[in-house]
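Take a look at the letters that make up each chain.
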Amino acid sequence: MRHKLLVIITLLIAGLAAAWLATSLQPRAPAAAPPSSPATDLTTEDGRYLFSVTLHTPGEIAGLLTRAEELAKTRRANSNEAGIALVLHGPEIEIFAKKNYARFRETVDRAARLNDGRIIEIKMCRTEMKRLGIGEKDIPAFIELVPYGPDEETRLRRNGYVYL
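What you see is a predicted model, and the numbers here were worked out from it, not measured in a lab.

A. Just the overall build of the chain, in detail. What the chain contains, in helices and strands, is 5 helices and 5 strands. Its helices and strands in sequence order give the chain the pattern α-β-α-β-α-β-α-β-α-β, from N to C terminus. Taken across its 164 residues, the chain has 35% of its residues classed as buried. Excluding contacts between residues fewer than 6 apart, the proportion of contacts in the chain whose partners are at least 24 apart in sequence is 71%.

See the structure below:
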């Protein structure tokens, strides 16, 4: 009797493992891209773009700034508004904390230059700052603070920005 019970349990476990393996090996649909407004050609002269920042490493942020510089070349020369918004609401906020300036000087200075040149506007989530223990005085003055990053992204989209 004990042997039969062991065989049944082993078969049940094997069946569950096989079902799990079959499910995990099936192709999955790609993750849905953030919803966007009607399609906008990346070469439009007056496009306004929103980077949904889910990047967390200094290298990824540096790459994002490079992409912003490339997109800025498609803007109208007489445009006085930044056409690219970056909303930071994750661990990448630490890159811009004044206590980390010596470590990330190149990235922070580059972001400040792009902001001053009206190429980008950087917005930072106060909610995430609080969670990370970063105060307003710990962030460079060129960064605009917003109450909640995802809500700011929604507001920007309503104002004509499209996700990239």
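B. Just the pattern of salt bridges, in detail. What the rule picks out here adds up to 9 salt bridges. The salt bridge involving Arg 126 is made with Glu 136; its shortest N-O contact spans 3.0 Å. Placement of the pair is Arg 126 in helix α4 (residues 126–132) and Glu 136 in the loop between α4 and β4 (144–146), with a sequence separation of 10 residues. The network of salt bridges with shared partners includes Glu 121, Lys 123, Glu 144, Glu 152 and Arg 155.

C. Representation of the pairing of strand β2 (residues 84–88) within the structure. In terms of residue burial, β2 counts as a mostly covered element, since 5 of its 5 residues are buried. By the bridge criterion, 5 bridges tie β2 to strand β3 (residues 120–125) in an arrangement that is parallel. Looking across to β3, one finds that Ala 85 is bridged to Glu 121. For the segment spanning β2, helix α3 (residues 101–116) and β3, crossover handedness is right-handed.

D. Region of interest: the packing of helix α2 (residues 58–72) against α3. The contact between α2 and α3 brings their axes to 10 Å, and the two run at 25°. By the angle between their axes, α2 is roughly parallel relative to α3. Considering how the two elements wind past one another, α2 and α3 form a crossing that is left-handed. On α3, the residues touching Pro 58, Ile 61, Ala 62, Leu 65, Thr 66 and Glu 69 of α2 are Phe 104, Thr 107, Arg 110, Ala 111 and Leu 114.

E. Broad picture of the nonpolar core. Among the nonpolar cores identified, the biggest contains 28 residues, and Phe 96, Ile 120, Ile 122, Met 124, Phe 142 and Ile 143 are the most heavily contacted of them. Mapped by element, the contributors of at least two residues to this core are α2, β2, α3 and β3. Other than its neighbours up to four places away in sequence, Ile 122 contacts Leu 86, Leu 88, Phe 96, Ala 111, Asn 115, Phe 142, Ile 143 and Glu 144. Among the nonpolar cores identified, the runner-up in size contains 6 residues, and Val 87, Leu 156, Tyr 161 and Tyr 163 belong to it.

Procedures and definitions
- Each chain carries its own residue numbering, running from 1 in the written order of its sequence.
- For this predicted model, a pLDDT threshold of at least 70 governs which residues receive local features, and a threshold of 80 or more governs which side-chain atom pairs are given and counted, while totals over whole chains, interfaces and linings are taken from all residues.
- Based on all heavy atoms of the structure, the side-chain values leave hydrogens and waters out of the count.
- Numbering of helices and strands starts at the N terminus; helices are DSSP runs of H or I of at least 4 residues and strands are runs of E of at least 2.
- Remark: exposure states derive from per-residue accessible area (1.4 Å probe, protein chains only) relative to the maximum for the residue type, with buried under 20%, exposed over 50%, and partly exposed in between.
- Any pair of residues with heavy atoms lying within 4.5 Å of one another is described as a contacting pair.
- We count a salt bridge whenever a side-chain nitrogen from Lys or Arg sits within 4 Å of a carboxyl oxygen from Asp or Glu.
- When DSSP finds two or more bridges between a pair of strands, those strands are recorded as paired.
- Every crossover in which the path from the first strand over the helix to the second runs clockwise, viewed with the strands pointing away from the viewer, is termed right-handed.
- An axis is simply a line fitted to the C-alpha atoms; with a helix, the fit covers only the stretch in contact. Between two such axes, the angle follows the N-to-C directions and lies from 0 to 180 degrees.
- In these notes the angle categories are as follows: under 35 degrees is roughly parallel, over 145 is roughly antiparallel, 65 to 115 is roughly perpendicular, and the rest is oblique.
- Handedness of each helix crossing follows the sense of rotation of the near helix against the far helix: counterclockwise by less than a right angle gives left-handed, clockwise gives right-handed.
- Nonpolar cores were defined as sets of buried Ala, Val, Leu, Ile, Met, Phe, Trp, Tyr and Cys residues, with membership established by side-chain atoms within 4.5 Å.

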